[in-house]
Amino acid sequence: MNDKQWFEKENFWLNYGPIMFDAHHWAEAPGIARAICEMCQLPPGSRILDAGCGPGRITVELALQGMDVTGVDIIGPYLEAAQETAADEGVSITTVQSDLRSFQPQEKFDAAVNLYTSFGYCDTMEEDTKILKNIADSIRQGGHFVMECLSRENAVRDFTEGEWFCRSGKTVLTEFSVEGAWEGLRSRWILIDDETGQRIEHEFVQRLYSAVELRNTLLECGFSSAQIYGDFELAPYNQKAATMVIICRK
């Protein structure tokens, strides 16, 4: 693979990170971290893998819960930001710059998480599955995996052709369209700097999986069970689901 896929390019995340990881998403991180520790019954000191950790939004909060956390991401500046946040909060985390399609740790983890915007962007389904298989192989027998991502059902229910809003000193315009038979969601994001008027734009496709389809894939990757919920409080996954959360056991 000579040409980088868009999610491997640092410049994209440096420009779009503040838009995606806004104040609301940072504010909900402590509650998500506590919920993960409770649903997986993790005692202090448990080794947790944050697969696709980004700037450490959940990584640091899990460390504040007393966990031994390793954050893995392909984007170096995000890992640096995670370490800076951890230092500010007075906790220690381990960060590893690696591609989840090839990541293979030397020691097993008690649990792993993959949350928010971290899945479904590879060129092929085989690559997506490879990521899930590597995560499964990274977890000890009896350990847990908590996955959250946009499901096909929620994408259909909440579909809009576009919107605009202001955030982090930029005007943001978005356009959305459907790929294939709801196989993916194409997103076009345009950022206009409110001071300079500088305009940048990016277009990408996120592959969409139904909850059942993704659950079955996770079982095929080596998990013994996979339960689907509608949020981190374990609400039913139905027409009112806020998101899709799948809790797996190895």
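Residues numbered from 1 in each chain as written. Predicted model: local features only at pLDDT ≥ 70, side-chain atom pairs only at ≥ 80, totals over all residues. Heavy atoms only, no water.

Draft legend 1. Looking closely at the pairing of strand S5 (residues 139–149). Counting buried positions along S5 gives nine out of 11 residues, so the element sits mostly inside the fold. Taken together, the five bridges between strand S4 (residues 109–114) and S5 define a ladder with parallel strand orientation. What sits directly across from phenylalanine 109, in S5, is isoleucine 139. Read as a crossover between parallel neighbours, the route from S4 over helix H6 (residues 125–137) to S5 is right-handed. Sheet analysis places S5 next to strand S11 (residues 244–249), joined by six bridges and oriented antiparallel. Bridge assignment links methionine 147 to a residue of S11, and that residue is isoleucine 246. (Buried < 20%, exposed > 50% of the residue type's maximum accessible area, 1.4 Å probe, protein only. Helix = DSSP H or I, 4+ residues; strand = E, 2+ residues; numbered from the N terminus. Pairing = 2+ DSSP bridges. Right-handed = clockwise from strand over helix to strand, strands pointing away.)

Draft legend 2. Spotlight on the pairing of strand S7 (residues 170–179). Both strand S6 (residues 162–167) and S7 contribute to a ladder of six bridges, which runs antiparallel. When the bridges of S7 are listed, tryptophan 164 appears paired with leucine 173. Connecting S6 to the antiparallel partner S7 that follows it, the hairpin turn spans two residues, and serine 168 within it adopts a positive phi of roughly 55 degrees. Two successive antiparallel strands, S7 and strand S8 (residues 184–193), enclose a turn made up of four residues, where glycine 180 displays a positive phi of approximately 60 degrees.

Draft legend 3. Structural detail: the packing of aromatic side chains. Counted according to the given criterion, the structure contains four aromatic pairs. Plain terms: the ring middles of phenylalanine 159 and tryptophan 182 are 5.6 Å apart, the flat faces sit at 90 degrees to each other, and that makes the pair edge-to-face. Highlighted residues: phenylalanine 159 in the loop between helix H7 (152–157) and S6 and tryptophan 182 in the loop between S7 and S8, separated in sequence by 23 residues. On the accessibility criterion, phenylalanine 159 (31% relative accessible area) is partly exposed. (Phe/Tyr/Trp six-rings, centres within 6.5 Å; stacked < 30°, edge-to-face > 60°.)

Draft legend 4. Representation of H6 in the model. Taking 1.5 Å as the rise per residue, H6 with 13 residues should run 18 Å; its terminal C-alpha atoms sit 18 Å apart, in good agreement. When H6 is considered as a whole, its buried residues turn out to be Glu127, Asp128, Ile131, Leu132, Asn134, Ile135 and Ala136. On the buried face of H6, the contacting elements are strand S1 (47–51), S4, S5, strand S9 (199–207) and helix H8 (211–220). (Expected span 1.5 Å × (residues − 1). Contact = heavy atoms within 4.5 Å.)

Draft legend 5. View of the sheet that holds S8. Pairing is antiparallel in the open sheet, where four strands are placed in the order S6-S7-S8-S9. The sheet is open, and its two borders are formed by S6 and S9, each paired with just one other strand. For this sheet the average axis-to-axis angle between neighbouring strands, irrespective of direction, equals 20 degrees. Where S8 lies against S9, nine bridges are found, and the strand directions are antiparallel. The residue bridging leucine 185 from the neighbouring strand is glutamine 206, located in S9. (Axes fitted to C-alpha atoms, helices over the stretch in contact; angles between N-to-C directions.)

Draft legend 6. The nonpolar core, seen in detail. Of all hydrophobic cores here, the largest spans 28 residues; its most connected members are Leu132, Phe145, Met147, Leu214, Leu218 and Ile246. For this core, the secondary structure elements donating two or more residues are S1, S4, H6, S5, H8, strand S10 (225–229) and S11. Non-local contacts of phenylalanine 145, meaning those with residues more than four positions away in its chain, are made with Ala112, Val113, Asn114, Leu132, Ile135, Ile139, Leu218, Phe223, Ile246, Ile247 and Cys248. Among the nonpolar cores identified, the runner-up in size contains 27 residues, and Met39, Met67, Val69 and Phe232 belong to it. (Core = buried A, V, L, I, M, F, W, Y, C linked by side-chain atoms within 4.5 Å.)

Draft legend 7. Broad picture of unusual backbone geometry. Here glutamine 41, not a glycine, exhibits a phi torsion of approximately 50 degrees, which is positive. Take glutamine 41: it is sitting in the loop between helix H3 (29–39) and S1. Phi is positive for leucine 234, which is not a glycine, with a value near 65 degrees.

Draft legend 8. Inspection of the sheet that holds S4 at higher detail. Read across the sheet, seven strands follow the order S3-S2-S1-S4-S5-S11-S10 without closing on themselves; strand pairing throughout is mixed. Edge positions in the sheet fall to strand S3 (94–97) and S10, since each has one partner strand and no second. With direction set aside, neighbouring strand axes in the sheet form an average angle of 15 degrees. Bridge count between S1 and strand S2 (residues 68–73): five bridges; the pairing is parallel. Note that in S2 the partner of leucine 49 across the bridge is threonine 70. Packing of helix H4 (residues 57–64) onto the sheet brings it into contact with S1, S2 and S4, and relative to S2 it is tilted by some 170 degrees.

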